[in-house]
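Fold and geometry: a report
Below, each chain spelled out in residue letters.
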Amino acid sequence: PSYVRSAVEGVANDVSELEARLEKVVKLCSGMLETGRQYCANSKSFVSGVRELSQHSSDDSMLSESLERFSDGLNKMIESHKELLENTQDSCKLHLQTLIKEYRSSTRLN
């Protein structure tokens, strides 16, 4: 009957809309993570430059030591950012999978 077809079409439309929105979220998340990785890579290059400057300034111990401490602090920050990116990626993946499973379960029950 037509009410069954209408219900099936409604669920199919809901699924299509959800898929489109999930795809958008996944793309946004991927873009965010890639930008974060680029930031970390560029920051590592900056730290290398600071370390080179520190070695070049070895005649001035105060300047050299300050630059070394600065680059050490930046390295710690970059490592924290990398860890945050990894955790964000894992968390997004887990939550999206859970969302999909819950949605599939709820559409089967209705």
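Quick look at the structure, then. (Residues numbered from 1 in each chain as written. Predicted model: local features only at pLDDT ≥ 70, side-chain atom pairs only at ≥ 80, totals over all residues. Heavy atoms only, no water.)

Brief notes about the overall build of the protein chain
A count of helical and extended segments in the protein chain gives two helices and zero strands. A globule of 110 residues ought to have a C-alpha radius of gyration of about 13 Å, yet the protein chain, at 25 Å, is considerably larger. Viewed in the frame of its principal axes, the protein chain has a C-alpha envelope of about 90 × 15 × 10 Å. Within the protein chain, buried positions represent 16% of all 110 residues. Long-range contacts, defined here as pairs at least 24 residues apart, represent 71% of the contacts in the protein chain between residues at least 6 apart. (Helix = DSSP H or I, 4+ residues; strand = E, 2+ residues; numbered from the N terminus. Rg over C-alpha atoms; globule rule 2.2 N^0.38 Å. Buried < 20%, exposed > 50% of the residue type's maximum accessible area, 1.4 Å probe, protein only. Contact = heavy atoms within 4.5 Å.)

Concerning the environment of A20
Residue position: A20 is located in helix α1 (residues 2-56). Here A20 falls in the partly exposed class, since its relative accessible area comes to 45%. When the C-alpha atoms of A20 and E102 are compared, they prove to be 17 Å apart, with 82 residues separating the residues in sequence.

Some thoughts on a nonpolar patch on the surface
Among the surface-exposed residues, Y3, V4 and V8 lie close enough to one another that they form a single nonpolar patch of about 320 Å² accessible area. Secondary-structure assignment places Y3 in helix α1. (Patch = residues over 30% accessible without salt bridge, like charges linked within 9 Å, V, L, I, M, F, W, Y side chains within 5 Å. Areas by Shrake-Rupley, 256 points an atom, 1.4 Å probe, with all protein chains shown as cover. Salt bridge = Lys/Arg side-chain N within 4 Å of Asp/Glu carboxyl O.)

Description of the environment of S30
In this fold, S30 is placed in helix α1. Sequence separation between S30 and S91 is 61 residues; the distance between their C-alpha atoms is 13 Å.

Thoughts on the pattern of salt bridges
Counted according to the given criterion, the structure contains six salt bridges. Here K27 and E23 are joined by a salt bridge, their closest N and O atoms 3.3 Å apart. Of this pair, K27 and E23 are both found in helix α1, four residues apart, which corresponds to roughly one turn of the helix. Residue classification places E23 among the partly exposed positions, given a relative accessible area of 46%. Note that R51 is salt-bridged to D72, the shortest N-O span being 2.7 Å. Of the two residues, R51 sits in helix α1 while D72 sits in helix α2 (residues 61-109), which places them 21 residues apart along the sequence.

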